[in-house]
Structures are given as structure tokens and as C-alpha cells.
Amino acid sequence: GDSVTQMEGPVTLSEEAFLTINCTYTATGYPSLFWYVQYPGEGLQLLLKATKADDKGSNKGFEATYRKETTSFHLEKGSVQVSDSAVYFCALIAGSARQLTFGSGTQLTVLP
Amino acid sequence: ETGVTQSPTHLIKTRGQQVTLRCSSQSGHNTVSWYQQALGQGPQFIFQYYREEENGRGNFPPRFSGLQFPNYSSELNVNALELDDSALYLCASSLGDRGETQYFGPGTRLLVL
């Protein structure tokens, strides 16, 4: 079945550091890929998405590139802020599937 | 444009009771999906409703049931609550029933004692 594997957390960085959160997937067909962010006590917010190979999703300084050859969708940000502290989820919808399949989430803490 | 809303925000029940959670979809969306998120884990798909019909179901027992109304709002009902049902329940809306981007509400946190 479809699955998403995320980098184990928690991740702790200093403000203005470079961020990478690794995400790889297994899926039938050609999935659409997503990053969602969850702030403490809240629901999920869509951060960015990519729907086909080599697409780059970007939003609020975050970027992720759909790499079909390595089945990856790593999240990056050049300079993190304290306000980026949250849990980040990589997810996919494969082919004609109806539901999102999520990774286990990566807790990011950014220290001032 | 109105986003996805859920009610109530928090709920405490005892084992064996029944609970109903509600969700209003984003304006223009006709599909609602429900997810359960246990503490420290990623969301797990419960089921999806498209145009008032159940359109897919995850690995959850029949005591988890739902409805979608003509205005595309939705309810999740859980009967015979168990301690393991304690979780954040998330509703997501989308346009169309296959592979569309889903937008989430703030969730309902359920505690079963």
C-alpha cells in the first residue's frame, strides 16, 4: 500500500538556521505530494503541494521538489524563525485514491 | 470565503457513551473527509462523503459512522466509546472525490474517560 516515511524528530534549530526535513514515499501510480503544518493545539494547514515530477511547491519561504527518481519530497527553508516551530507532516494522495496518507510528523523547535 | 469549521472544540465523554461531531465544509466544496489523529501520530483516514454518499472508508469499525447533508456539512458519530477513541478528530473538505487538495478544520479534541 501507499506509505510516507518522514525524518525522525524532534528537530531543534537556532533562528536563521537552514532547515531540511526528509520525506520519502511509496505509492502506486503518480501521487500528488503535500506538506501540512500543525501549530500547537490547532488543525492542519496546507503549506505547499506538488502534483507531478520535478514540480516545486513553495510558500512562506518553504520549498519542496517532487523527485520521482528518488521518490522524495524533502522540505527546506533557508532561514527559520521562532514562529516556524510546529509539527510538519508529509502526505500523499495516490492516483484515484480518496484519502491522504500521512507520515508520522516531525516536530520542529526553533530557538531564539 | 469561509474555511472549514468544526464543533465542538473539546469534548469529554465516558466509556460506552455516544458522540456526534460536526463539520461545515469550505464554501464551494462538496466532499468531506474525516481523520483521527492520536497524540503524537499522523492523521488516519476514517471515511469520506461525496454528495451525501459514503465514498471510501479506512480501517475503522462500524461504530464509526457519518452523514453528509445537502449543504455538504457533515457529522461523525461514534457509538460505544472506548478509551482508545481519545484523539483529535479532523475534518477536511475538498472539491471532487478523487485526489483533490484537502483543507482541514481546527479539529475536535475528544477525551474518553
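Residue numbers restart at each chain and count upward from 1, following the sequence in its written direction. For this description, chains carry letters from A and ligands carry numbers from 1, given in the order in which they are written. For this predicted model, a pLDDT threshold of at least 70 governs which residues receive local features, and a threshold of 80 or more governs which side-chain atom pairs are given and counted, while totals over whole chains, interfaces and linings are taken from all residues. Where side-chain values are given, they derive from all heavy atoms of the structure, hydrogens and water being excluded.

### Brief notes about the interface of chain A and chain B
The following threshold applies: Residues are treated as being in contact if the distance between any of their heavy atoms lies within 4.5 Å. Summed over both partners, the accessible area (1.4 Å probe) lost when two parts come together is defined as the buried area. The salt bridge criterion pairs a side-chain nitrogen of Lys or Arg with a carboxyl oxygen of Asp or Glu, the two atoms within 4 Å. Polar contacts, as counted here, are pairs of nitrogen or oxygen atoms within 3.5 Å of one another; within protein the pair requires one atom able to donate a hydrogen and one able to accept it, and residues that are adjacent in sequence qualify only if both atoms are side-chain atoms. Secondary structure elements are taken from DSSP: a helix is a run of H or I of four residues or more, a strand is a run of E of two residues or more, and numbering for both begins at the N terminus.
Facing the 19 residues of chain A at the interface are 22 residues of chain B. Of all residues in chain A, Leu44, Arg98 and Phe102 of chain A give up the largest surface area on contact with chain B, accounting jointly for 36% of the area buried on that side. Summed over the shared surface of chain A and chain B, the number is zero salt bridges. Across the contact surface, chain A and chain B share eight residue pairs in polar contact (both at pLDDT 80 or more). Among the elements of the structure, β5 (32-38), β6 (44-50) and β10 (86-93) of chain A are those that each provide at least two residues to the side of chain A that touches chain B.

### Some words on the pattern of salt bridges
Rules: Note on exposure labels: buried denotes an accessible area under 20% of the residue type's maximum, exposed denotes more than 50%, and partly exposed covers the range between, all computed with a 1.4 Å probe on protein chains only.
Across all of its chains, the model carries seven salt bridges over all chains by this definition. For the salt bridge of Lys77 of chain A with Asp84 of chain A, the shortest nitrogen-to-oxygen distance reads 2.7 Å. Residue classification places Lys77 of chain A among the buried positions, given a relative accessible area of 10%. Taking the shortest distance from any N to any O, the salt bridge between Arg63 of chain B and Glu82 of chain B comes out at 3.3 Å. Note that Arg63 of chain B is positioned in the loop between β6 (53-57) and β7 (64-68) and Glu82 of chain B in the loop between β8 (74-78) and β9 (87-94), a separation of 19 residues in sequence. For Arg63 of chain B, a relative accessible area of 16% corresponds to the buried category. Glu82 of chain B sits in the partly exposed class, given a relative accessible area of 40%.

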